[in-house]
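# Summary of the model geometry
For reference, the chains in residue letters:
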Amino acid sequence: MLLKIYNTLLKTYGYQGWWPLLSCKGTNPTKTGSMRGYHPGDYSYPKNNLQKFEIIIGTILTQNTSWQQAEKALINLNTINALSPSAIISLDSRMLRSAIKPAGYFNQKASYLKNAARFFILLDNKAPARDELLAVKGIGPETADSILLYAYSQPEFVIDAYTKRIFSHLEIIKREDNYPMIKQLFENNLPKDYKLYQEYHALLVEHAKRCYARKPYDDKLLGRYAKKRNYEL
DNA sequence: AACCAGGACGTGA
DNA sequence: TCACGTCATGGT
């Protein structure tokens, strides 16, 4: 069932090209919102440590914030040459706060970014464990999974507000289900493939932006799954 | 003028 | 464990 929904979304919206990177010139004209940095169908990113770190910074900046706003903050950081771990650490806190202001919560996020930068240097080119990520103040379950999935190509399914909204509306999950429950549902019923996980989450975001932005939800594309009720989960 | 955006943390029960 | 308040800018 989950694969069927994935295929429907993929056929409808096409490859999304996540995670967007400033240094990546590819665009995806079918996408809503910002067009910068996408690389549809190419899962070979990130290609170096700097791109890994940019993804980590991005996951924090986009917390409860639209990507468009997070991207403005990233561009500001890039302008002052502060997209490396060492630059974030040494950057004056007031400068950091003003650079990321468009992304909101700039006081918290400035602190979170410094934590993430110190953590990234401590990693010393190794991949982080999920528990290690969660121990960093500012990295919660969704951010940790986004980092593992998109920066480190680990098959960790990302559950966000959109995912909960779509699948509770389809009555595949309940609204009171917590993060690990929903995550296990996906990971237990899908091939453990990071490319699939990356694309699926990106497609869910795209679908939610288009059809679940505001009540009453527009369920013209997947609403029929809610009525059939013949899932085999 | 509310409401929402690719959440996480601190607190109190 | 968990519900709740807080954090903050910008688009619709």
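On a predicted model such as this, the values are computed, not experimentally measured, just so you know.

## Description of the protein's contact with DNA strand B
Trp19, Gly138, Thr143, Tyr162 and Arg165 are the nearest of the 26 residues found near DNA strand B. Of everything in DNA strand B that lies within 4 Å of the protein, sugar and phosphate atoms constitute 65%. In the environment of DNA strand B, a phosphate oxygen lies 3.2 Å from a nitrogen or oxygen atom belonging to the backbone of Trp67. Note that a phosphate oxygen of DNA strand B is positioned 2.7 Å from one of the side-chain N or O atoms of Thr143. Mapped by element, the contributors of at least two residues to the surface near DNA strand B are α6 (106-123), α8 (141-151), α9 (161-169) and α11 (194-211). Residues of the surface near DNA strand B, tallied by class, amount to 12 nonpolar, nine polar and five charged.

## Overview of the protein's contact with DNA strand C
Taken together, Asn64, Gln69, Lys72, Lys101, Pro102, Gly104, Tyr105, Phe106, Asn107 and Gln108 make up all the residues around DNA strand C. In DNA strand C, atoms within 4 Å of the protein come from the sugar-phosphate backbone in 62% of cases. One of the side-chain nitrogen or oxygen atoms of Lys72 is found 3.2 Å away from a phosphate oxygen of DNA strand C. Interatomic distance of 3.1 Å between a side-chain N/O atom of Gln108 and a base oxygen of DNA strand C. Sorting the residues of the surface near DNA strand C by element identifies α3 (67-79) and α6 as the ones contributing at least two each. It is α6 that contributes the most residues to the surface near DNA strand C, three residues altogether. Of the residues belonging to the surface near DNA strand C, the class tally is three nonpolar, five polar and two charged.

## With respect to the nonpolar core
In this structure, Leu61, Leu77, Phe167, Phe186 and Tyr200 are the most contacted members of the largest nonpolar core, which totals 76 residues. With nine residues, α11 is the largest single contributor of residues to this core. Split by domain, the residues of this core number at least three in each of domain 1 (2-18 + 158-225) and domain 2 (49-151). With residues near it in sequence (within four places) discarded, Leu61 still touches Ala70, Ala73, Leu74, Leu77, Ile100, Ala103, Lys109 and Leu113.

## Comments concerning the domain arrangement of chain A
The assigned domain composition of chain A is domain 1 (2-18 + 158-225) and domain 2 (49-151). One C-alpha centre belongs to domain 1, the other to domain 2; they are set 25 Å apart. Of the residues lining the interface, 11 residues belong to domain 1; the matching set on domain 2 comes to seven residues. Between domain 1 and domain 2, a total of about 790 Å² is buried, with carbon and sulfur atoms accounting for 61% of that surface. If you sort the residues of domain 1 by the area they bury against domain 2, Val158, Tyr179 and Gln198 come out on top, with a joint share of 57%. Our enumeration of links across domain 1 and domain 2 arrives at one salt bridge. A salt bridge links Asp145 to Lys183, with the nearest nitrogen and oxygen atoms 2.9 Å apart. Across the contact surface, domain 1 and domain 2 share five residue pairs in polar contact (both at pLDDT 80 or more). When residues of the side of domain 1 that touches domain 2 are traced back to their parent elements, those giving at least two are α10 (179-188) and α11. It is α11 that contributes the most residues to the side of domain 1 that touches domain 2, five residues altogether.

## Regarding the pattern of salt bridges
Summed over all chains, the structure comprises eight salt bridges. Asp145 is paired through a salt bridge with Arg130; the nearest N and O atoms lie 2.7 Å apart. Taken together, the residues Asp145 in helix α8 and Arg130 in helix α7 (residues 130-134) connect sequence positions 15 residues apart. Judged by relative accessible area, which is 23%, Arg130 ranks as partly exposed. Via salt bridges that share partners, Arg130, Asp145, Glu156, Lys183, Glu187 and Lys192 belong to a single interconnected network.

## Details of the side chain of Ser168
Examined against the element boundaries, Ser168 turns out to sit in helix α9. With a relative accessible area of 13%, Ser168 lands in the buried category. Only 2.7 Å separates the side chain of Ser168 from the backbone oxygen of Lys164, close enough to count as a polar contact.

Reading guide: rules and limits
Along each chain, the written sequence defines residue order, and numbers are assigned to residues from 1. Key to labels: chains lettered from A, ligands numbered from 1, both in the order written. In view of the model being predicted, local features appear only for residues whose pLDDT reaches at least 70, and side-chain atom pairs are presented and counted only at 80 or more, with totals across whole chains, interfaces and linings using the full set of residues. Excluding hydrogens and water, the side-chain values take into account all heavy atoms of the structure. A single heavy atom is enough: if one lies within 4 Å of a molecule or strand, its residue is considered near that molecule or strand. Polar contacts, as used here, are pairs of N or O atoms within 3.5 Å; protein pairs need one atom able to donate a hydrogen and one able to accept it. Residues neighboring in sequence count only if both atoms are side-chain atoms. Each helix corresponds to a stretch of at least 4 residues labelled H or I by DSSP, and each strand to a stretch of at least 2 residues labelled E; elements are numbered beginning at the N terminus. Each residue gets one label: Ala, Val, Leu, Ile, Met, Phe, Trp, Tyr, Cys and Pro are nonpolar, Asp, Glu, Lys and Arg are charged, and the others, such as Gly, are polar. Only buried residues count toward a nonpolar core, which is a set of Ala, Val, Leu, Ile, Met, Phe, Trp, Tyr and Cys residues joined through side-chain atoms within 4.5 Å. Buried residues are those whose accessible area, probed at 1.4 Å on protein chains only, stays under 20% of the maximum for their type, while exposed residues exceed 50% and partly exposed ones sit between those limits. Domain limits in this description derive from either an automatic procedure or a database domain assignment. Only heavy atoms matter for contacts: two residues are in contact if any of them lie within 4.5 Å across the pair. Here the quantity called buried area is the total loss of accessible area, with a 1.4 Å probe, experienced by two parts when brought into contact, counted for both. Whenever a carboxyl oxygen of Asp or Glu lies within 4 Å of a side-chain nitrogen of Lys or Arg, that contact is scored as a salt bridge.

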